[in-house]
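Residues per chain are reported as follows:
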Amino acid sequence: MPRVAIIGGGISGLTLAYRLRQYLADVDVQILESEKSVGGKIDSVKDQGFLYESGPNGFLDSNPSTLNLSKELGLGEQLAPANEAAAKKRFLLMGGKLRMLPSSIIGLLTTDVLSWRAKLALAFERFQSNKQNLPDESIYAFAQRRVGTEIAEKLVDPFVTGIFAGDARLVSFQAGFPRLAAMEKNHGSISKGLKAARKARQISNPEGGRSSGQLWSFNQGLGTLIEALAEKLGKSNIRQFKATNLIHNKEHSKWTVEGSNGESESYDLAILSCPAFSQASILKNLDAMLA
Ligand SMILES: Cc1cc2nc3c(=O)[nH]c(=O)nc-3n(C[C@H](O)[C@H](O)[C@H](O)COP(=O)(O)OP(=O)(O)OC[C@H]3O[C@@H](n4cnc5c(N)ncnc54)[C@H](O)[C@@H]3O)c2cc1C
């Protein structure tokens, strides 16, 4: 029976293993996960009667694959849509105080979170010249260029931390927000781009339905999906194993995965589903350029 190793037991690796088992019954699929438990970024924690998420807190159904997978796994009854009113309440810790963030353009212009200078920068964003031929820049640099340092600091920086758990000064604008990048390129400003997008939506969807998808989780948190996938795969197909190196034996068409504890295992196929920095480390001897 062909053996397949999936390196990394986050949602990507687990779902891939589940689908491989579903479509290829005669394949031995092993998840190699460096941590004690699978799930990766997804980690629902229950503590003192509270449920909180250490990482992602929901998924959108604009691409229905996760919603469909959940139903397929029999989790339909446990699905919980996000509360729209609650989702609009966002707070920023500023000067030691929690401040409610505005959720509309009018709110942005009247909030006391921003100075008048910042509000003017926002109102005049549409008149800023666009630099079409700029090389890619960070999200922070983009915001600073279009609406000034204050908005980049107070709104964009925490927003990016919330979405990517990353540094707005390091995350590429083009990669992080391709739709906004296209708006600046095609319409000259974000406000004009948003207006054009609203118009296009009204034409294509005159009923005014939701365009960005519904956000979903489960009554007991996103970990529910991880537990269901892990249960389907079975304990014997999930191993705690930190991959450190990959060797391709071309003659026998085999892949050897070496681990941090000196172990090594041979497979017919090895699939990397761990973060890019881990992949780079695993691939460094096999293909330095790719790593
Ligand atoms: C704070 C935060 C909030 C987020 N919020 C959302 C959200 O609300 N909605 C949403 O859709 N997305 C959200 N995301 C993004 C989402 O969490 C990720 O895209 C997704 O979980 C990535 O899954 P993955 O399986 O590809 O990778 P990971 O979850 O990173 O899993 C990779 C796995 O590989 C393992 N691994 C690493 N190195 C090795 C090795 N050498 N050998 C073996 N195993 C290894 C890791 O331990 C891990 O279990 C958020 C991300 C973060 C950080």
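Each value, and the rule that gives it
Residues numbered from 1 in each chain as written. Predicted model: local features only at pLDDT ≥ 70, side-chain atom pairs only at ≥ 80, totals over all residues. Heavy atoms only, no water. Axes fitted to C-alpha atoms, helices over the stretch in contact; angles between N-to-C directions. Helix = DSSP H or I, 4+ residues; strand = E, 2+ residues; numbered from the N terminus. Parallel < 35°, antiparallel > 145°, perpendicular 65-115°, else oblique. Left-handed = near helix turned anticlockwise from the far one by under 90°. Contact = heavy atoms within 4.5 Å. Patch = residues over 30% accessible without salt bridge, like charges linked within 9 Å, V, L, I, M, F, W, Y side chains within 5 Å. Areas by Shrake-Rupley, 256 points an atom, 1.4 Å probe, with all protein chains shown as cover. Salt bridge = Lys/Arg side-chain N within 4 Å of Asp/Glu carboxyl O. Buried < 20%, exposed > 50% of the residue type's maximum accessible area, 1.4 Å probe, protein only. Lys, Arg positive; Asp, Glu negative; His and termini not counted. Charge placed at Lys NZ, Arg CZ, Asp CG, Glu CD. Pairing = 2+ DSSP bridges.

Visitor: Whenever I open this one, the packing of helix α6 (residues 139–147) against helix α7 (residues 149–164) confuses me. Can you help?
Guide: Each packed pair of helices is defined by two parameters, the angle between the axes and the distance between the axes. For the pair α6 and α7, interaxial distance at closest approach is 9 Å and the crossing angle is 150°. In this view, α6 runs roughly antiparallel relative to α7, as classed from their interaxial angle. Helix-helix and strand crossings are classified by hand; for α6 and α7 the assignment is right-handed. For the pair α6 and α7, contact is made by Ile 139, Tyr 140, Ala 143, Gln 144 and Val 147 and by Thr 149, Ile 151, Ala 152, Glu 153, Val 156, Val 160 and Phe 164, respectively.

Visitor: Sorry if this is basic, but what is going on with a nonpolar patch on the surface here?
Guide: A cluster of nonpolar residues, Phe 91, Leu 93, Leu 98 and Met 100, forms a patch on the protein surface that exposes about 460 Å² of accessible area. Those elements giving two or more residues to the nonpolar patch turn out to be β7 (91–94) and β8 (97–100). Relative to the helices and strands, Met 100 resides in strand β8. Met 100 sits in the partly exposed class, given a relative accessible area of 44%.

Visitor: What should I look at first to understand unusual backbone geometry in this one?
Guide: Within the chain, Gln 48 stands out as a residue other than glycine whose phi angle is a positive 50°. One can find Gln 48 in the loop between β3 (44–47) and β4 (50–53). Residue Gln 48 is classed as exposed on the basis of its relative accessible area, which comes to 72%. The phi angle at Ala 165 is positive, at roughly 50°, despite the residue not being glycine. Looking at the element boundaries, Ala 165 is found in the loop between α7 and α8 (173–176).

Visitor: Looking at this structure, I do not really get a positive patch on the surface. What am I missing?
Guide: A cluster of basic residues, Arg 179, Lys 195, Arg 198, Lys 199 and Arg 201, forms a positive patch on the protein surface. As for its position among the elements, Arg 201 is in helix α10 (residues 190–204). Residue classification places Arg 201 among the partly exposed positions, given a relative accessible area of 33%.

Visitor: I tried to follow the sheet that holds strand β10 (residues 238–240) on my own but got confused; where do I start?
Guide: Sheets are built from strands paired through backbone hydrogen bonds, the pairs being either parallel or antiparallel. Strand order in the open sheet formed by 4 strands is β10-β2-β1-β14, with parallel pairing between adjacent strands. A strand with exactly one partner marks an edge of an open sheet, and here the two such strands are β10 and β14 (269–272). Going across the sheet, the axis of each strand differs from the next one's by a mean of 25°, ignoring polarity. Where strand β1 (residues 3–7) and β14 come together, 4 bridges link them in parallel fashion. Note that in β14 the partner of Ile 6 across the bridge is Ile 271.

Visitor: Looking at this model, I keep getting lost on the sheet that holds strand β12 (residues 254–259). Mind explaining?
Guide: Taken in spatial order, the 3 strands of this open sheet run β11-β12-β13, and their pairing is antiparallel. In this open sheet, the two edge strands, each paired with only one partner strand, are β11 (243–249) and β13 (264–267). Within this sheet the neighbouring strands show an average axis-to-axis angle of 20°, counted without direction. In this structure, β12 lies alongside β13, joined through 4 bridges in antiparallel fashion. Within β13, the position partnered with Val 257 by the bridge is Glu 265.

Visitor: What is the right way to read the environment of Ser 266 from this model?
Guide: As for its position among the elements, Ser 266 is in strand β13. Residue classification places Ser 266 among the partly exposed residues on the basis of a relative accessible area of 34%. Between the C-alpha atoms of Ser 266 and Trp 255, which are 11 residues apart in sequence, the distance is 5.6 Å. Sequence-distant contacts of Ser 266, defined by excluding residues within four places in its chain, comprise Arg 3, Lys 254, Trp 255 and Thr 256.

Visitor: How should I be thinking about the pattern of salt bridges in this particular structure?
Guide: Once the charged atoms of two side chains with opposite charge are near each other, the side chains can pair. Scanning all chains against the criterion turns up 14 salt bridges. For Glu 263, the salt bridge goes to Arg 239, with nearest N and O atoms at 2.9 Å. Taken together, the positions of Glu 263 in the loop between β12 and β13 and Arg 239 in strand β10 put the pair 24 residues apart, joining distant regions of the chain. A salt bridge links Arg 239 to Glu 265; the nearest nitrogen and oxygen atoms lie 2.9 Å apart. Taken together, the positions of Arg 239 in strand β10 and Glu 265 in strand β13 put the pair 26 residues apart, joining distant regions of the chain. A network of salt bridges, in which partner residues are shared, links Arg 3, Asp 28, Arg 239, Glu 263 and Glu 265.

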